[in-house]
Amino acid sequence: MEILCYTRQPKEDIIYGNRMANSMHLAYRGEDGLFRPFHHNEGILYAKAVENTLSGVLDARSMKSPWIFLMKDGGYGVAAVRTGAEGEKDPDSEGCILFFISEDLVHYKEIGLCRLLESGYIDEVRCAYDGDRQSYKVCWRGEKNGWQEGLYDFGEGTGGTLCSVRKADAPEIPAPDVLEEELELIEGAIWGNVVEIPAETGDYLSKKLLVPVCVAMELSEKGPFGSEDELKNVKAVAVYSDGSRVERKIDWENPVEGIVRGKVHQEYFPAPFAEHRADPVCMYKDGKYYFLATNDADDNHTLYMRCSDTLEGIITAEESLFLDSDTYPGIGGLLWAPEFHEIDGKLYVFHAATAGEFYCEESRVRRLREGGDPMCRNDWSEPIMVVKKDGAPLCEEGKVISLDMTTFTYEGKVYAMWSQRQFLPVDQGAWLYLAQIDEKEPWKLISDPVCIAKPEYGWENNHTYVVEGPFALEREGQLMVTYAAAAVDATYTVGLLKPVAGSDILEPGSWRKNNYPLMSSNSVRGEYGPGHNSYLTDENGLVWNFYHMRSGVDGPRSSAVRRTHFDVDGEPMLDVTDELDLPEKFRCVEVRLHTK
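Reading the values: rules and limits
Residues numbered from 1 in each chain as written. Predicted model: local features only at pLDDT ≥ 70, side-chain atom pairs only at ≥ 80, totals over all residues. Heavy atoms only, no water. Buried < 20%, exposed > 50% of the residue type's maximum accessible area, 1.4 Å probe, protein only. Helix = DSSP H or I, 4+ residues; strand = E, 2+ residues; numbered from the N terminus. Pairing = 2+ DSSP bridges. Axes fitted to C-alpha atoms, helices over the stretch in contact; angles between N-to-C directions. Core = buried A, V, L, I, M, F, W, Y, C linked by side-chain atoms within 4.5 Å. Contact = heavy atoms within 4.5 Å. Phe/Tyr/Trp six-rings, centres within 6.5 Å; stacked < 30°, edge-to-face > 60°. Lys NZ or Arg CZ within 6 Å of the ring centre and 35° of its normal.

**Q** Even after reading the chapter, I still don't get the pairing of strand 34 (residues 478–485), so can you show me in this structure?
**A** One face of the sheet, then the other: side chains in a regular strand alternate in exactly this way. A large share of strand 34 lies buried, amounting to eight of its eight residues. Here strand 34 shows no split at all, with Gln478, Met480, Thr482 and Ala484 on one side and Leu479, Val481, Tyr483 and Ala485 on the other all buried.

The structure is reproduced here in structure tokens:
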């Protein structure tokens, strides 16, 4: 398979600005000989921000002129020119190129800057391994001296060794020839280079970066079937273009002349299904579905809960007041991001609130009394503020805020993860923190908080430096955390964090972050700024992704939901729409009964 790397011309800042466009994108050559983009024509590889070691403040970076090349011992290298966030010159990168390595062109490690010049900026770079010289040939074009060439030994650490330099009239490493038809297929593409990759790597790329489509529907049992009773445990098996298979319930009709027809069961939600409701979460408990979300309709002064016997029923279910900003002292407004969590057999709702000002926002917990009705607000305790292991408030009021707290159990221990933002003495932006909590009193930390993620990529610091809204999902022994990033506008996105298997998750170095977003305004046409998502496993074992989005660039935050698909690595894919997930032609099945 041939792969093309490229950047893009930026569009309007709110749609696809510099921090998104100035990243490495990938495309593949189709059977018709033309290139088509992976991942909705969105960046796959982004440059990391630079952190001020004294203040912790991040300074965003972007890239231009990416170039993929084969590494000597297998895998791939990427050389690029690092720029400032908006594409301007980066003083720290003068005379240098930025170097990455990757085993599969999906996951990347940023090695760092490699120096080619003592002074002057580099505008373009090309690389290739020279087997005869057992080194890498590097061609670069500087702003002062035109094209130059040299041999470079790239290492695993920052930098490397430049062995020789000579001027060149033209680079020995040619750029690809581009057809005009290819330019038209990829909106805004600024071409880099083309590399041939093995079919196995191409197949993996396709399974990770293309949206799967249902291509067939089978039955879980072949039959023959002699009665309706034998059909009760038969499931529909949806087969997808990525090779995955998903079982679904079938709603069977009464037989007609020995033929039994059925419909593949799947709930359908309008997008959005709840306007002015953000940060949505849904719980299935004791045969009922419960729904909570931030209420943007009254400037976040109330939280309302819905309850239904069916998942689809939450669309029209009546709302019951769960919490307001008047009932309890210290709860004056900005009620944000409620979440259901069952810990040690007891039900809790974690949420954020403030005594009045934004700068006093703190994470809090309400506990349902034993035998209580989740829909009865009086069956819940007064909100309890989350505290550190010494009993002190989690954050210093007026200087640091906490919000979007979530919890999960991993390897027998209960943890809390949340977003925390320091405003004074300097605004650091919002970072994700993790700590172990007391399962008997889950508002109490029993370990020191550790920072596990910062908004270092362009899609995380677009318009503001924020990572927030974490939510954990454990599947087949694999812990995954999705989170929201960037400003809560049309630039909002969803990212993915995972710890290394078997590692101590309280060690920040144990966590790995996807370099690209799982969900953004590019994922589904007409859905802007999707983010702050959560997961629900329904009564049939399907996993649903609840999130908020905007129907227009300036539309209100509103709740939406769709089934979560899982890719070849078992990671969530959040862009499989209903039309792709279950096309109309596969929604009906039928069998003939064979009676004696």
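**Q** Looking at this structure, how should I read the sheet that holds strand 9 (residues 108–115)?
**A** Two orientations exist for strands paired in a sheet by backbone hydrogen bonds: parallel and antiparallel. Here we have four strands laid out as an open sheet, ordered 6-7-8-9, and antiparallel in their pairing. Each of the sheet's edge strands pairs with one partner strand only, and the pair in question is strand 6 (61–70) and strand 9. Taken pair by pair, the neighbouring strands of this sheet meet at an average axis angle of 30 degrees, ignoring direction. In the sheet, strand 6 pairs with strand 7 (residues 76–84) via eight bridges, with the strands oriented antiparallel. Paired with Ile68 across the two strands is Val78, which belongs to strand 7.

**Q** I tried to follow the nonpolar core on my own but got confused; where do I start?
**A** The nonpolar side chains of a soluble globular protein tend to be buried, and buried together. Ranked by internal contacts, the top residues of the largest apolar core, which has 57 residues, are Met24, Leu26, Ile68 and Leu205. Not counting residues up to four positions away in its chain, the partners in contact with Ile68 are Cys5, Met24, Leu26, Tyr76, Gly77, Val78, Leu105, Asn193 and Val195.

**Q** Is there a simple way to explain the pairing of strand 26 (residues 346–354) in this structure?
**A** For strand 26, a buried count of eight out of nine residues is recorded, marking the element as mostly surrounded by other parts of the structure. Sheet topology places strand 25 (residues 333–343) next to strand 26; seven bridges connect them, and they run antiparallel. Each residue of the ladder has a partner; that of Phe340, found in strand 26, is Val349. Connecting the antiparallel pair strand 25 and strand 26 is a turn made up of two residues, with Asp344 showing a positive phi of about 50 degrees. Here strand 26 pairs with strand 27 (residues 362–367) via six bridges, running antiparallel. Each residue of the ladder has a partner; that of Ala353, found in strand 27, is Glu362.

**Q** Just checking my understanding: could you explain the packing of aromatic side chains for this structure?
**A** Each aromatic ring pair is characterised by the separation of its centres together with the angle its planes make. A full pass over the atoms with the stated rule returns 25 aromatic pairs. Centroid distance Phe273 to Phe546: 6.2 Å. Interplanar angle 85 degrees. Geometry classified as edge-to-face. Taken together, the positions of Phe273 in the loop between strand 19 (259–264) and strand 20 (274–275) and Phe546 in strand 38 (residues 543–550) put the pair 273 residues apart, joining distant regions of the chain. With centroids separated by 6.3 Å and ring planes inclined at 40 degrees, the aromatic side chains of Phe291 and Phe546 adopt a geometry described as tilted. Highlighted residues: Phe291 in strand 22 (residues 288–295) and Phe546 in strand 38, separated in sequence by 255 residues. Accessibility classification places Phe291 together with Phe546 in one group, the buried group. Feature note: the residues Phe69, Phe99, Tyr129, Tyr136, Tyr152 and Phe154 constitute an aromatic cluster, connected by ring pairs. For the cation-ring pair, Arg8 lies above Tyr16, with the distance from its terminal atom to the ring centre recorded as 4.3 Å. Above the plane of the ring of Phe322 lies Arg366, whose end atom (NZ or CZ) is 4.7 Å from the centre.

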